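# Overview (structure and organization)
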Amino acid sequence: MTSTDGADRGVLLVPGDDGATGVVLRAANGTARAAAMCALCRTTHSVGGVGLFAAPRSGAKGRQGDTVGTYICADLSCAEHVRVEKATAALKPAPGMTVDERRAGLRERAAEFVAAVTA
Ligand SMILES: [Zn+2]
């Protein structure tokens, strides 16, 4: 669902009825200074694993510098992280959920984020 094209930039691709919508994400203020949970895939990472990213809003607001920020996996690998079966010290998937449930949740929250950016 996501791909990186550099250390501080990536594109969030969310499938929808009219094809995939891409949102450009820019890393903002580095990474979280404590263990933190990704807002999209709900994976909890150890220090440094979650970063603040900002996406410019669509249209005039975006041209004026208005962005939507969110804390997500610093490596933008949410789609891989939801498939992790066993928690490790560095990476803890949302407990009590199947991989399919986590993937569905990721799709839902990513779509909500895109809706906020393109609103
Ligand atoms: Zn994530």
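The rules we used
Residues numbered from 1 in each chain as written. Predicted model: local features only at pLDDT ≥ 70, side-chain atom pairs only at ≥ 80, totals over all residues. Helix = DSSP H or I, 4+ residues; strand = E, 2+ residues; numbered from the N terminus. Rg over C-alpha atoms; globule rule 2.2 N^0.38 Å. Buried ≥ 20, exposed ≤ 12 C-beta atoms within 10 Å, placed from the backbone. Contact = placed C-beta atoms within 7 Å. Core = buried A, V, L, I, M, F, W, Y, C linked by C-beta atoms within 7 Å. pLDDT = per-residue confidence, 0-100. Pairing = 2+ DSSP bridges. Expected span 1.5 Å × (residues − 1). Arc of directions from axis to C-beta.

This part covers the overall build of the protein. Secondary structure assignment for the protein yields three helices and eight strands. N-terminal to C-terminal, the α/β element order of the protein is β-β-β-β-β-β-α-β-α-β-α. Relative to the compact-globule value of 14 Å for 119 residues, the protein shows a C-alpha radius of gyration of 14 Å, a close match. Its C-alpha atoms put the protein at 45 × 35 × 20 Å along the principal axes. Looking at the protein as a whole, 29% of its 119 residues are labelled buried. Here the analysis covers contacts within the protein between residues at least 6 apart in sequence; of these, 52% occur between residues at least 24 apart.

The next point concerns the nonpolar core. Counting residues in hydrophobic clusters, the biggest one holds 22 residues, and the most contacted among them are Cys38, Leu40, Cys41, Ile72, Cys73, Cys78 and Ala110. Within the residue set of this core, elements represented by two or more residues are strand E2 (9–14), strand E3 (21–31), strand E6 (50–56), strand E7 (67–73) and helix H3 (99–118). Looking at this core, the element that brings in the most residues is H3, giving five residues. Discounting residues that sit within four places of it in the chain, Cys73 has contacts with Cys38, Cys41, Thr43, His45, Gly49, Val50, Cys78 and His81.

Here the protein averages 89 in pLDDT, while 93% of its residues score no lower than 70. Taken element by element, the protein is modelled with least confidence in strand E1 (residues 2–4), mean pLDDT 49, and with most confidence in strand E5 (residues 44–45), mean pLDDT 96.

So, about the sheet that holds E5. In space, the three strands of this open sheet follow the order E4-E5-E8, with antiparallel pairing throughout. Unpaired on one side and paired on the other, strand E4 (36–37) and strand E8 (91–92) mark the two borders of the sheet. In this sheet, E5 lies alongside E4 in antiparallel orientation, the contact comprising two bridges. Note on E5: the bridge partner recorded for Ala36 is His45.

Okay, H3 next. When the terminal C-alpha atoms of H3 are compared, their 28 Å separation across 20 residues agrees well with the 28 Å that a helix rising 1.5 Å per residue should span. Buried within H3 we find Arg102, Leu106, Ala110, Phe113, Val114 and Val117. The buried residues of H3 occupy one face: seen down the axis, they fall within an arc of 105°. Those residues of H3 that are exposed and aimed more than 90 degrees away from the buried face are Asp100, Glu101, Glu108 and Ala115.

With that out of the way, let us pick up the environment of Cys78. Mapped onto the fold, Cys78 is located in helix H2 (residues 78–81). The exposure class of Cys78 is buried, given the 23 C-beta atoms found within 10 Å. Remark: the alpha-carbon pair of Cys78 and Leu106, spanning 28 residues in sequence, is separated by 7.7 Å.

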